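These are the residues of each chain, in order.
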Amino acid sequence: MFQQVPMVEIDGMKLVQTRAILNYIAAKYNLYGKDIKERALIDMYSEGMTDLNEMVLLYPYLPSRDKDGRLTQIKEKSRNRYFPAFEKKIPLAQKREENPDTAIMAGKPILHYFDGRGRMESIRWLLAAAGVEFEEKFLKTREDLEKLRNDGSLMFQQVPMVEIDGMKLVQTKAILNYIAAKHNLYGKDIKERALIDMYSEGVADLNEMILYYPFLPPGDKDGRLAQIKEKARNRYFPAFEKVLKSHGQDYLVGNRLSKADVHLTELLYHTEELDSTILANFPLLKALRTRVSNLPTMKKFLQPGSQRKPFDDEKCVESVKKIFS
């Protein structure tokens, strides 16, 4: 779909996007927990493994001069971030099952992040689409981040972190999947969910490039902007336009709103901020953006004064650099 492998032909589908494939196999063969809370933990743990495994996976392809530094980094993160987290947290997860009274009381979700878009923005959009009110606790200093790390709130020492339904969830995709499952934004069965995952992962690939754009050195921005526009026009937007044209329905999957529609709408807004003409040749995407934007929950979120964040400007970038060093 997005001109990339791996691709797996399974149950009449040609699935791309590694996570979408893995999630479908896990769901089909009962390797994905007994309910959405267990699935959220499985997603969180799996995403942590993926962060580290990605570094290992790319290691053989690095130039020789870069290998020693990368190997040191892999060993450091294994010993000090990822392996201690699994050594510590898995028994605690089992202990919570035995003692459900120790769970944190549920209330409004609380979002822990800096006061900007970054990886939290997709979470804000999805909660807004679901009509869920949420609170935000902004990191303003390095000390704020260290406090969360030291009190054990961040499994992999990273944000975003969302307190929701008695869990402190990290890993953006685990958080998004839980919200989608809880609020009926994840399809009616595992086949629809596989498509939603595949589309969402495609959106995330392009959105990742936009997310990093404000933090690039000035000399790199023109090249990255050209790359974003080229991939949007020639790879990602044509793929989604084709999906909408193929079934003629209002939404990407099952003719009902899903997280894929919300993520794609967010992406369309973000790319238009970089190039106002970028949707000129994609009438069905423009129609989808309008349709989702006019939903009552989204209309409220898109109005001035909402918890939607503006494009990360120089002031925000400097603040983030101080927090995360």
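Calculation notes
- Residues numbered from 1 in each chain as written.
- Predicted model: local features only at pLDDT ≥ 70, side-chain atom pairs only at ≥ 80, totals over all residues.
- Heavy atoms only, no water.
- Axes fitted to C-alpha atoms, helices over the stretch in contact; angles between N-to-C directions.
- Helix = DSSP H or I, 4+ residues; strand = E, 2+ residues; numbered from the N terminus.
- Left-handed = near helix turned anticlockwise from the far one by under 90°.
- Contact = heavy atoms within 4.5 Å.
- Nonpolar A, V, L, I, M, F, W, Y, C, P; charged D, E, K, R; others polar.
- Domains from an automatic or database assignment.
- Buried area = accessible area lost by both parts, 1.4 Å probe.
- Salt bridge = Lys/Arg side-chain N within 4 Å of Asp/Glu carboxyl O.
- Polar contact = N/O pair within 3.5 Å; in protein donor to acceptor, adjacent residues only side chain to side chain.
- Parallel < 35°, antiparallel > 145°, perpendicular 65-115°, else oblique.

With that out of the way, let us pick up the packing of helix H8 (residues 218–247) against helix H9 (residues 259–274). Where H8 meets H9, the closest approach of the two axes is 11 Å, and the angle between their N-to-C directions is 145°. The handedness of the crossing between H8 and H9 comes out as left-handed. Contact residues: Leu 225, Ile 228, Phe 237 and Phe 240 in H8; Leu 264, Leu 267, Leu 268, Thr 271 and Leu 274 in H9. The residue makeup of the contact of H8 with H9, split by class, is 8 nonpolar, 1 polar and no charged.

Parsing the protein into structural domains produces domain 1 (8–87), domain 2 (110–183) and domain 3 (190–302). On the side of domain 3, 19 residues touch domain 2, which itself brings 15 residues to the contact. Between domain 2 and domain 3, roughly 1,500 Å² of surface is buried when both sides are summed, and carbon and sulfur atoms account for 63% of that area. With its nearest N and O atoms 2.8 Å apart, the salt bridge here joins Glu 273 to Arg 117. If you look at where domain 2 meets domain 3, you find 8 residue pairs in polar contact (both at pLDDT 80 or more). Contributions of two or more residues to the side of domain 2 that touches domain 3 are made by helix H4 (121–129) and helix H6 (172–182). At 7 residues, the largest contribution of residues to the side of domain 2 that touches domain 3 is made by H4. Among the residues making up the side of domain 2 that touches domain 3, the classes are represented as 6 nonpolar, 4 polar and 5 charged.

Moving on, we get to unusual backbone geometry. Following Val 5, the chain continues to Pro 6 via a peptide bond in cis, the omega torsion being 10°. Looking at the secondary structure, you find Pro 6 in the segment before strand E1 (7–10). Going from Val 159 to Pro 160, the amide bond is cis rather than trans, its omega being 10°. Inspection of the secondary structure assignment puts Pro 160 in the loop between helix H5 (142–150) and strand E5 (161–164). For Asp 165, which is not a glycine, the phi torsion comes out positive at approximately 50°. Mapped onto the elements of the fold, Asp 165 is located in the loop between E5 and strand E6 (167–170). The backbone of Gln 171 shows a phi angle near 75°, a positive value even though the residue is not glycine. Position of Gln 171 relative to the elements: it lies in the loop between E6 and H6.

With that settled, the discussion passes to the packing of H4 against H6. It is at 10 Å that the axes of H4 and H6 come closest, and there the two elements cross at 5°. The angle between H4 and H6 places the two elements in the roughly parallel class. In this structure, H4 contributes Ser 122, Ile 123, Leu 126 and Leu 127 to the contact, and H6 contributes Thr 172, Ile 175, Leu 176, Ile 179 and Ala 180. For the contact of H4 with H6, the residue count by class is 7 nonpolar, 2 polar and no charged.

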